[in-house]
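Structural overview for review
These are the residues of each chain, in order.
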Amino acid sequence: MSDGTLLCSALVAIMALVVSVTYLILPSGHRASTRKPATAANALPRSVSPTTKHEESEETFVGKETTSAYKSTIPVDMPTPPPSPRGESSRRKPSITALITNILPSRRGSIASPATSAVGTGELPIFNRSDKEIEAYGDFPDYATLSGVRLPDPYLEFNIEKALPRPYRPVRWSYHQTMAFWKMEPDWWLELENTYVERIHQRKQLFATHGKAVLDSLPGSEAACKETMEMTLQFLVARYPQYFSLAHTTTTTNLASAPDLFINKILGREFHIREMDPLIVILENVPEDFALTMQDTDTGLYGFRAGVICSSLGWNLGTKLGMTLAEIHAPVPDYKEKLQPSMDRFFSKLKPSAPIQRGSWGLEVGEPLFTLPSDLHGPRLSQDPQLTISDVNLRVDWQTLRRMPLSGAIVFNFKALFTPVTEFRDEPGIPQIVAKVLREGKKPMLDYKNTWHVEHVTLPALDRWSEEQVQSGLVEREWEVATLEESPLFKGWREKWRHQQGF
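Rules used in this analysis
Residues numbered from 1 in each chain as written. Predicted model: local features only at pLDDT ≥ 70, side-chain atom pairs only at ≥ 80, totals over all residues. Heavy atoms only, no water. Core = buried A, V, L, I, M, F, W, Y, C linked by side-chain atoms within 4.5 Å. Buried < 20%, exposed > 50% of the residue type's maximum accessible area, 1.4 Å probe, protein only. Contact = heavy atoms within 4.5 Å. Helix = DSSP H or I, 4+ residues; strand = E, 2+ residues; numbered from the N terminus. Pairing = 2+ DSSP bridges. Axes fitted to C-alpha atoms, helices over the stretch in contact; angles between N-to-C directions. pLDDT = per-residue confidence, 0-100. Parallel < 35°, antiparallel > 145°, perpendicular 65-115°, else oblique. Left-handed = near helix turned anticlockwise from the far one by under 90°. Nonpolar A, V, L, I, M, F, W, Y, C, P; charged D, E, K, R; others polar.

A look at the nonpolar core
The biggest cluster of nonpolar side chains holds 90 residues, and the ones touching the most others in it are Tyr240, Phe244 and Phe290. With near-sequence residues (within four places) excluded, Phe244 lies in contact with Leu192, Tyr196, Leu236, Val237, Phe262, Ile263, Asn264 and Ile266.

This is the structure:
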C-alpha cells in the first residue's frame, strides 16, 4: 500500500507480489537519519519490501506439520463441468510453473507445504467461459475441488475477543530485484482478529461516505464478484464454525438447493445473500480488501474490473477502476522496461491451485486506514517534536493473490494490520533490521516507504533495543544484519503470539 503518492493504485501491490521493485544499498554506517521527507511530487508508491532468501525456515507458519515438504499429493481430477454449448474443454498438461511449485519444498516462511496445500490439480481455467457456462455450476459449488486448494481446518480454540493477527514482520535486508512471495496456507487465507467488529463498522462508514471510491464494479465482472463472495463465505464457515454458518431461509422449499442465508454470530446478523450485491456481502462480513482483475479476451491484457478497497492511503478504487495493469503501473520506475513482461507472464500462468502471499510494511502515527490523496502528505512533511515512540505503529499489509477457478479472474486481497513498534523490543533481530533499512536503504526506496516523519523517535528506540538484545543474549554482537531465517516472522513468534492471546 502506498503512503506517499497521489499516483498510487489499487494494483501497485499486485506488482509487488510478483516482482519487487528494489534498490541498491548505500554504504553502511551507524548514523542518524538526515533525509528530508518525500513530497507528493517525488514519492513513489510503497507496496512491499522484497525477499532475499527462500530457504525453509526452522519455524514455519504451519507449526506442527509432520509431513515432509517434498512429499507430493495424489492429484484429484477436476470435476467435470456441466454440459455446455461449447462442449468439453480439452485437458491441459501441467505448466512448468506448476511443476516447480509442487516439487520444490515450501519457501522459507511458507505456511503450507505441497503435501498439505492442494486437493486437486488446479488446471488453468477457461478464460472465456460464458456467464451461462458459469451459472451451470450453480450456487456454492465445491470450490476446494475446483481450485485445488483445500478448505481450512476448523479453528475451534479461536476467540474473536482475544484474537490477534500473527506477528508479521516482512522486513528484509539486503534488497534485490526478485520474485518475493510464499505459498498461501489454506488455513490462513482470511485472518480474523479482535478488531473485527470495529473494522466492519469502519468499512461500512467509509462506503456510506465515499461510495464508489471504495466499492464498485464494471459490467462483465458479475460472475467473478459472486464467485469471490461465495469462496470467502465458504472459508469463514469452514474455519470459524462457531461464528459463521450458511442456511436456508424459512421460505425455501427445496432444502437440497444451495443456501441463501449467511449467519454471522459475531455481528448478530443474518444476510439474505441472494438479494445483495456480492461486494456488499464482502464489505459487511470480511475485514479485508479485494481487487478483481480480469483478462481481455481480445488483447490478453488484465484490467482492474471490480473491488472493495477501504484501506488505501493516498489513492482510491474510483481513480483506477477499468485500467490495465500497464496503465496502473505507468508511474513505477522501470516497470515497462523490466517488470511488465514478467508481470504479464505471471498473470497468464497463475493457476487456481497456486495462490501466493506476501507482506508490505511501513511506519505510521496511529492507525490510518483510509486517506484521501489531499490528506496524505501534510503530516509526513515534518517531524513532530511531541511525538513519542508509543505513538508509532508498524503497518503491515498482508496480501494474497489467487485465481478464481470458474471465472478465471485474478483476485488480490489484502488486510492492514497495526502493531505498536514497542513490540519490537523483545523480538530477536527485528530492531536491527528495521534500523538498517531506515539508515542504509537507498533514498528512492525510503521515499517509497515515506517513514521520515517518525524516524526521529523510532531510530533511537531501535538502537536502545538492539543493544538490550545483545546484552541479554537474544542477538550476538557479531551478527551481520540480514533477513531472518524465520521471515516474515521472527524466532519465538509463536510462543509470544499464543501467550498474548491467553493460550
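Once the structure has been displayed, the description carries forward.
Here's the deal with the pairing of strand E4 (residues 261–264)
Residues Leu261 and Ile263 of E4 are buried on one face, and the alternating residues Phe262 and Asn264, pointing to the opposite face, are buried as well. Inspection of the sheet shows strand E3 (residues 244–247) paired to E4 by four bridges, in the antiparallel sense. Within E4, the position partnered with Phe244 by the bridge is Asn264. In this structure, E4 lies alongside strand E5 (residues 269–272), joined through four bridges in antiparallel fashion. Along E5, the bridge assignment pairs Leu261 with His272. Linking two consecutive strands that pair antiparallel, namely E4 and E5, is a turn of four residues; a positive phi of about 65° is found at Gly268 within it.

Structural notes on the environment of Arg464
If you trace the backbone, Arg464 turns up in helix H14 (residues 452–472). Among the residues examined, Arg464 registers a relative accessible area of 48% and is labelled partly exposed. In this structure, the C-alpha to C-alpha distance between Arg464 and Pro431, residues 33 residues apart in sequence, is 8.9 Å.

Quick word on the sheet that holds strand E9 (residues 392–403)
Across the sheet, seven strands lie side by side as E1-E8-E9-E10-E6-E7-E2; this open sheet has antiparallel pairing. Each edge of the sheet is formed by a strand with only one pairing partner; in this case those strands are strand E1 (182–183) and strand E2 (215–217). Looking at chain direction, E1 and strand E8 (residues 356–365) are connected through two bridges and run antiparallel. Across the sheet, Trp182 pairs through a bridge with Gln357, a residue of E8. Here helix H7 (residues 222–239) sits on the sheet and contacts E2, strand E6 (289–295), strand E7 (302–308), E9 and strand E10 (410–420); the angle it forms with E6, its principal contact strand, is near 140°.

A look at the confidence of the model for the protein
Detail in the predicted coordinates should be disregarded across regions flagged by low pLDDT. In the predicted model, the protein carries a mean pLDDT of 77, and the fraction of residues at 70 or more is 70%. Averaged pLDDT values over the elements of the protein bottom out at 32 in helix H3 (residues 114–117) and peak at 98 in helix H8 (residues 278–283). Predicted confidence is poor over residues 39–122, with pLDDT under 50, and the contacts of this stretch with residues over four places away or in other chains come to 228 contacts.

Section: the sheet that holds E4
Taken in spatial order, the three strands make up an open sheet running E3-E4-E5, and their pairing is antiparallel. Strand pairing shows two members of the sheet lacking a second neighbour, E3 and E5, which therefore form its edges. The sheet shows a mean angle of 20° between the axes of neighbouring strands, taken without regard to direction. Where H7 meets the sheet, it contacts E3 and E4, and its direction lies at approximately 120° from that of E3.

Digging into the pairing of E10
Taken across its 11 residues, E10 has 10 buried, putting it largely inside the fold. Direction of pairing for E6 relative to E10: antiparallel, over a ladder of five bridges. Note that in E10 the partner of Asp289 across the bridge is Phe414. As paired strands, E9 and E10 are joined by 11 bridges and run antiparallel to one another. Counted as the bridge partner of Leu394 is Thr419 from E10.

Some words on the packing of helix H12 (residues 430–440) against H14
Packing of H12 against H14 brings their axes to within 8 Å, and their N-to-C directions diverge by 140°. With respect to H14, the element H12 is oriented oblique. For the element pair H12 and H14, the recorded crossing hand is left-handed. Side by side, H12 and H14 meet where Pro431, Gln432, Val434, Ala435, Leu438 and Arg439 of the first sit next to Glu455, Thr458, Leu459, Leu462, Asp463, Trp465, Ser466 and Gln469 of the second. Class assignment of the residues belonging to the contact of H12 with H14 gives a composition of seven nonpolar, four polar and three charged.

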